[in-house]
Amino acid sequence: MLATAAADTNNRSISVTPDEQGGAAGSTAAAKAAPWEGPQRRLNHFVRTVAFLERAGNGLGTLAFTWATVVILGGFSTNLGPDFWYATAIVFLEAFRVFSRESRSDDELLFKTTGGIRLKRVKLIGNVPYYLNVGIVMVCLYGTIEFLLIHYKYLPHPPHRMPYHFILLAVLLALGSMVQLPTIVKHMKGHPLLQSSPLVAVLAFGGVLLWTNAPARFAALVVAPLFVGCLQYSLIAACLHRTNILLHLPLPIWLQKLGTLIFPVWIAISVPIAFGPMGILILLGTLLVGNIQIPMALARIGLSSMRLSSKESHKIPNSDNNNEHLAPALKIFYSMVLGQGTLYILACICESVLFHFLRGSLALALSDVKEGFESVDLYYEHAYDKCMADGVLAQEDLNLVRFAVDSLSSNSRTKKLAAVQILHSLLLPREASNKLHVAEITTSTKAVATLISMLSWTRPQDQDIRFFAAKIVTELAGDLLIVGIPGTIQIVSSLLDSDAKNSLAMQSISAQRGDTNEQSKDNWKLTSHGSAAGVGIKGVEAGYQTLTILQDYSAHAAANNSKWCYKICKFLRSVKDMVSVPKEVKEPWKDEDSFPIQGMLILEKLTHNPDNCAEINRAAGLIRKIIGFMSYTTDTTNVTEERKKLYVTSALKLIAKLVSANGEIGLALRQKISEQPFLLSNLAEILEDSRNGIDQQLTMVILSKLALDDETSHEIGRFQLFIPKLMQAFLGRYESINKYYNSSLQMVAGEALSNLSMENSANCLSILDETRYDLIDNLKDMIQNDEYAYFAATLLQNLCAHSRDKLQHLGSSECFSSALQVVLLKMMVAEGKQLESLIGLVSQIYTVIPEHFAHKLESHENARGLVEKLVGTLNCNKKPSHEYPRMRRVIVEMAISIVDSCPHYATIFREQGMMEALTMVESTPSKVEKYMVFFGDIGVVPERGLPLRDLVAKAKGLTESSTSTPGAQLVILHD
């Protein structure tokens with residue numbers, strides 16, 4: 001509910017509270033962990049594991065480097081034989097790693113698991129994966145280099161070349177990565193010259209075979225399948241292009257998938273036939289192109305394994321001294337190198353297998369950010385850097401909130417975007433557990449200042465960051481004190497100036513992302529931050545299309561009641577679900593996400609603090625902007641009707657909050673708001689429109705608070721629409737004409753009428769003129785209801801005080817007599833503000849019907865209980881309260897009315913200690929009693945009756961004398 005009365009039925013003021021406040025439910029939610037905390041914890045453990053393997057590998061590498069330079073090359077350099085060249089190669093390889101630690105780019109390129117070259121799977125013609133073209137080029141390059149080396153006798157002939165081709169493949173993959181071969185192949189589609197590169201590579205390979213006098217049968221067996229594969233690719237491309245582009249005819253799905261399947265299957269069969277097991281390694285090796293970590297690790301393993309497995313390694317090399325420590329030293333060295341390479345491979349495999357799933361788990365837990373995969377990638381790299389820099393055993397607190405807060409200060413736009421996306425996702429579920437995250441953000445003044453400054457970014461390319469920043473600041477605003485952040489209100493106010501252009505720009509960005517994500521069905525935007533991650537994720541991407549095709553084929557077969565085909569289909573579907581990644585689609589632009597609405601919501605939440613309200617009050621032109629949104633007929637180009645309604649509701653909520661502010665700043669805000677020339681006309685327009693009960697309810701709240709000012713109360717009364725609408729709502733006449741009618745609307749209308757009729761005879765007469773039905777009976781019935789008793793009693797009290805003559809002229813004596821009986825009974829069980837209003841009403845009824853009043857008191861069954869209630873309440877209010885400042889005054893007035901109409905009550909008053917209670921009141925004057933209504937600790941409506949000390953003197957005189965003529969004190973009560 002937007003406007004709800006407090007649980008205490010005696011409370012007078014209706015407070016406006018945000019929809020999202022949860023009450024006690026929030027405390028139970030605090031015990032629950034956020035859904036992303038589990039995936040984050042698992043990812044952190046995984047990062048530490050990978051970092052440990054890498055650091056252990058680095059440690060072994062450094063030790064091996066030291067061992068080789070100091071012990072082996074330094075002590076046995078003349079005795080090493082062939083091991084000299086192996087050790088030298090490994091030393092140079094390790095030295096490059098060690099010294100490149102000074103260069104972050106080199107380190108990430110060559111030796112950091114999470115720093116490999118980032119590659120994307122490219123959607124080629126007919127959905128043919130780009131890595132097959134890379135495979136053809138790599139096969140041809142490998143074959144060309146191998147045959148040239150054999151021809152010039154740098155490599156032995158089969159079968160003795162097996163250890164060497166392993167190293168050759170590793171070197172070739174590393175070189176292919178360094179020259180960015182995948183990037184070249186990726187652009188094949190747009191460059192005819194590059195499209196012919198696989199065919200050129202095949203022809204060049206065939207030429208080398210002929211030049212090196214390779215057997216014709218072998219050349220045909222190797223080159224012909226590759227040549228046919230290239231022709232197939234060109235043919236498929238031409239067919240798809242002609243059908244889809246030129247003829248605008250959709251190709252049957254089965255034909256598209258068949259064309260897509262032919263090329264990969266042909267290459268996958270022909271290459272292993274031509275090259276044997278090495279062909280399989282070459283095709284698998286294409287997955288490593290673009291990532292040098294694994295080839296380098298394989299080179300370490302290959303070099304060390306060849307020497308450890310060689311028979312020569314078990315013998316001491318020839319030397320004059322025949323040093324017996326040389327062989328063990330070499331074994332230790334090669335073992336350390338082997339361990340280093342193995343640890344790197346283990347780290348890469350671990351990351352390839354698990355990172356994709358842990359990444360997806362955490363990204364999906366951040367449910368609001370669909371493009372959260374890239375944000376998780378950045379967090380993973382950050383966590384890895386922390387572990388590598390501080391050590392895996394360091395007690396580093398790795399968490400998304402801290403990463404996002406730190407990233408806000410980054411110079412990278414990508415990191416800033418990731419930061420606001422993460423923070424938005426973490427704060428979106430409005431649970432009590434989020435208070436910890438809010439506190440962690442708000443304690444960083446720099447982070448809060450950065451988020452606020454983002455609200456002023458108006459460039460089209462920054463609208464997504466501005467959008468997320470606005471949503472975050474909205475969530476934080478309820479905990480912010482903006483005095484320490486200069487210019488905050490001006491920046492937030494700029495959101496209200498965001499016109500349709502900004503909205504259209506944001507929608508354009510969303511549309512562009514939607515188009516991109518449609519393409520991403522076949523072209524996932526998976527970022528591989530590391531060598532191992534790159535290998536694993538690229539491998540997943542490469543196989544996804546094939547899995548889809550095989551699954552569809554198996555499903556078709558399963559439809560023919562083939563049991564084994566059904567099992568295959570089920571298996572492929574499970575594998576596909578494991579490797580697939582949900583589309584990273586941004587949610588569509590919504591009306592409630594527009595910047596003016598977010599700006600007003602931020603301002604509304606900032607009103608929780610008086611200092612913030614003071615900043616709002618000082619902002620030039622801000623109130624005028626807000627009032628401008630409070631109209632259904634505002635001419636706003638390119639803004640939907642639904643959004644206009646949201647503008648109105650948001651503005652009403654904000655103004656309702658501002659007019660409800662306590663203290664001196666509340667007085668200033670109400671004065672400033674009431675001075676706006678279009679305020680009342682806009683409120684009248686909203687109140688007349690019965691389509692939105694929430695807006696009408698908020699309008700009544702605003703009228704209620706503004707009516708406490710005497711001048712504004714008269715201005716409201718002069719609008720002939722307000723009082724009739726308020727009366728219809730309060731007396732229940734709204735229910736038949738407004739489907740949004742509810743008890744909260746009725747209570748707000750009652751408060752507004754009570755305030756409008758307070759010390760305002762013109763408004764009281766308007767209320768009586770409007771009610772062509774029995775108003776007194778209606779109010780009497782409402783007094784019996786605890787929910788409405790206070791407002792009904794206050795309204796009737798004001799009518800009696802300021803329209804006594806008209807009420808007497810209407811001949812409502814019987815109605816008032818009946819009402820008096822109800823009020824006296826209700827008064828016996830009431831407390832607080834409700835009791836104050838009921839006692840005050842009794843005194844005013846006496847001024848309208850003094851004779852009937854005396855008769856009711858004479859026949860009252862519990863006279864002593866009535867007096868005891870009054871005296872007891874008076875004694876309990878030695879110190880007047882801001883909540884009911886008139887309590888002592890109305891008790892004294894009622895005592896005067898009772899004793900004046902029924903003198904014998906004086907004896908009961910004396911017996912109950914009324915004289916002592918009156919003396920206590922006389923000796924404890926209070927400035928609180930100079931006001932009728934308080935906002936917080938500030939009195940807003942001054943008391944206009946006789947001074948309390950004069951009333952006390954009259955009451956004491958009547959109680960002591962016990963002889964009065966009925967009606968003699970009327971002038972005292974209503975002077």
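Here the residue numbering is sequential within each chain, running from 1 through the sequence in written order. Under the rules for a predicted model, residues below a pLDDT of 70 receive no local features and side-chain atom pairs below 80 are neither given nor counted, while totals for whole chains, interfaces and linings still include all residues. Excluded from the side-chain calculations are hydrogens and water; all other atoms, namely the structure's heavy atoms, are used.

In the annotation of an unreviewed UniProt entry, the protein is listed under the name ARM repeat superfamily protein and assigned to Urochloa decumbens.

Caption draft 1: Molecular detail of the overall build of the protein. The way it works is that DSSP assigns letters per residue, a run of H or I at least four long becomes a helix, a run of E at least two long becomes a strand, and they are numbered from the N terminus. Per the secondary structure count, the protein includes 47 helices and four strands. The buried label goes to any residue with under 20% of its type's maximum accessible area, the exposed label to any with over 50%, and the partly exposed label to all in between, with areas taken from a 1.4 Å probe on protein chains only. Across the 975 residues in the protein, those meeting the buried criterion constitute 56%. Total accessible area on the protein stands at roughly 42,600 Å², and carbon and sulfur atoms take up 58% of it. For every accessible area listed, the method is Shrake-Rupley and the probe measures 1.4 Å; residues are considered covered only by the protein chains on display.

Caption draft 2: Inspection of the side chain of N877 at higher detail. Take N877: it is sitting in the loop between α42 (863-876) and α43 (887-901). Looking at N877, the relative accessible area reads 8%, which means it is buried. Pairs of residues are marked as contacts when any of their non-hydrogen atoms sit within 4.5 Å. If we ignore the near neighbours within four places in the chain, the residues touching N877 are Y884, M887 and R888.

Caption draft 3: Highlighting the pattern of salt bridges. Counted as salt bridges are all cases of a side-chain nitrogen of Lys or Arg within 4 Å of a carboxyl oxygen of Asp or Glu. Overall, the coordinates contain 19 salt bridges when judged by the stated rule. Between D497 and K625 there is a salt bridge, and its shortest N-O distance comes to 3.0 Å. Within this pair, whereas D497 is found in the loop between α21 (488-496) and α22 (500-519), its partner K625 is found in helix α27 (residues 622-628), the two being separated by 128 residues in sequence. The partner of K705 in a salt bridge is E751, with the nearest N and O atoms 3.1 Å apart. With a gap of 46 residues between them, K705 in helix α31 (residues 693-706) and E751 in helix α34 (residues 743-757) connect regions that are remote in the sequence. Judged by relative accessible area, K705 falls into the buried class, the value being 2%. Connected through salt bridges with shared partners, the residues R413, R459, D462 and D464 form a single ionic network.

Caption draft 4: Structural view of the environment of L726. The topology assignment puts L726 in helix α33 (residues 722-730). Sequence-wise, L726 and L703 are 23 residues apart; in three dimensions their C-alpha atoms are separated by 10.0 Å. Among all residues touching L726, those that are not within four sequence positions of it are M700, A749, A752, L753 and L756.

Caption draft 5: Fine view of the packing of aromatic side chains. Pairing of aromatic side chains requires ring centres within 6.5 Å, counting the rings of Phe and Tyr and the six-membered ring of Trp. Pairs whose planes differ by under 30 degrees are stacked, by over 60 edge-to-face, and all others tilted. For the structure on display, the rule yields nine aromatic pairs. Considering the side-chain rings of F629 and Y647, the 5.1 Å spacing of their centres and the 65 degrees angle between planes classify their relative orientation as edge-to-face. In this pair, F629 is assigned in the loop between α27 and α28 (641-659) and Y647 in helix α28, connecting sequence segments 18 residues apart. The pair F629 / Y647 is uniform in exposure class, with both members buried.

Caption draft 6: Expanded view of helix α26 (residues 610-618). Residues of α26 that are buried include every one of N612, C613, A614, I616 and N617, and no others. Looking at the packing, one finds that the buried side of α26 touches α21, α25 (595-606), α27, α28 and α29 (663-674). Distance and chemistry together define a polar contact, namely a pair of N or O atoms within 3.5 Å, with one atom able to donate a hydrogen and the other to accept it when in protein, and with adjacent residues in sequence counting only for side-chain atoms on both sides. Between the side-chain oxygen at the start of α26 and the backbone nitrogen of D611 there is a gap of 2.7 Å, and the oxygen is on N609.

Caption draft 7: Looking closely at the UniProt feature "transmembrane region" (unreviewed entry) in the protein. Taking the UniProt record as the reference, the feature "transmembrane region" (unreviewed entry) is found at residues 58-78, 130-150, 162-181, 193-212, 218-241, 253-275 and 332-358. For residues 332-358, helix accounts for 100% and strand for 0%, while the C-alpha atoms at its two ends are 37 Å apart. UniProt positions are given in the numbering used here, feature names are shortened, and annotations may be inferred rather than shown by experiment.

Caption draft 8: The arrangement of the nonpolar core in detail. Ranked by internal contacts, the top residues of the largest apolar core, which has 194 residues, are L43, L603, F730, L779 and F909. Not counting chain neighbours up to four residues away, the residues in contact with F909 comprise V867, L870, V871, A895, I898, V899, M914 and T959. By size, the runner-up hydrophobic cluster in this structure holds 28 residues, among which are A201, A214, L226 and M278. What is meant by a nonpolar core is a set of buried Ala, Val, Leu, Ile, Met, Phe, Trp, Tyr and Cys residues, joined one to another through side-chain atoms within 4.5 Å.

Caption draft 9: A look at the packing of α42 against α43. Packing of α42 against α43 brings their axes to within 10 Å, and their N-to-C directions diverge by 150 degrees. Put simply, α42 runs roughly antiparallel to α43. Here α42 runs over α43; the crossing is left-handed. Of the residues in α43, those in contact with L866, L870, T873 and L874 of α42 are M887, R888, I891, M894 and I898. Orientation is described by axes fitted as lines to C-alpha atoms, over the contacting stretch for helices, and by angles from 0 to 180 degrees between their N-to-C directions. Each angle receives one of four descriptions, namely roughly parallel if under 35 degrees, roughly antiparallel if over 145, roughly perpendicular if within 65 to 115, and oblique otherwise. It is the rotation of the near helix from the far one that decides the hand of a crossing: anticlockwise by less than a right angle makes it left-handed, clockwise makes it right-handed.

Caption draft 10: Focus on the pairing of strand β3 (residues 931-935). Across the five residues of β3, four count as buried, placing the element largely inside the fold. In this structure, β3 lies alongside strand β4 (residues 938-942), joined through four bridges in antiparallel fashion. Bridge assignment links Y931 to a residue of β4, and that residue is P942. Between any two strands, pairing holds if DSSP finds at least two bridges. Counting the residues that bridge the hairpin from β3 to β4 gives two residues, and of these G936 lies at a positive phi of roughly 70 degrees.

Caption draft 11: Just unusual backbone geometry, in detail. The backbone of E759 shows a phi angle near 55 degrees, a positive value even though the residue is not glycine. With respect to the helices, strands and loops of the structure, E759 is situated in the loop between α34 and α35 (761-770).

Caption draft 12: Quick peek at a nonpolar patch on the surface. Within the patch definition used here, like charges are joined within 9 Å and nonpolar side chains (Val, Leu, Ile, Met, Phe, Trp, Tyr) within 5 Å, considering only residues with over 30% relative accessible area and no salt bridge. A cluster of nonpolar side chains, contributed by L203, F227, V228, L231 and W266, occupies part of the molecular surface with about 420 Å² of accessible area. Per-element accounting of the nonpolar patch gives the leading share, three residues, to helix α10 (residues 216-246). You can see L231 is positioned in helix α10. With a relative accessible area of 44%, L231 lands in the partly exposed category.

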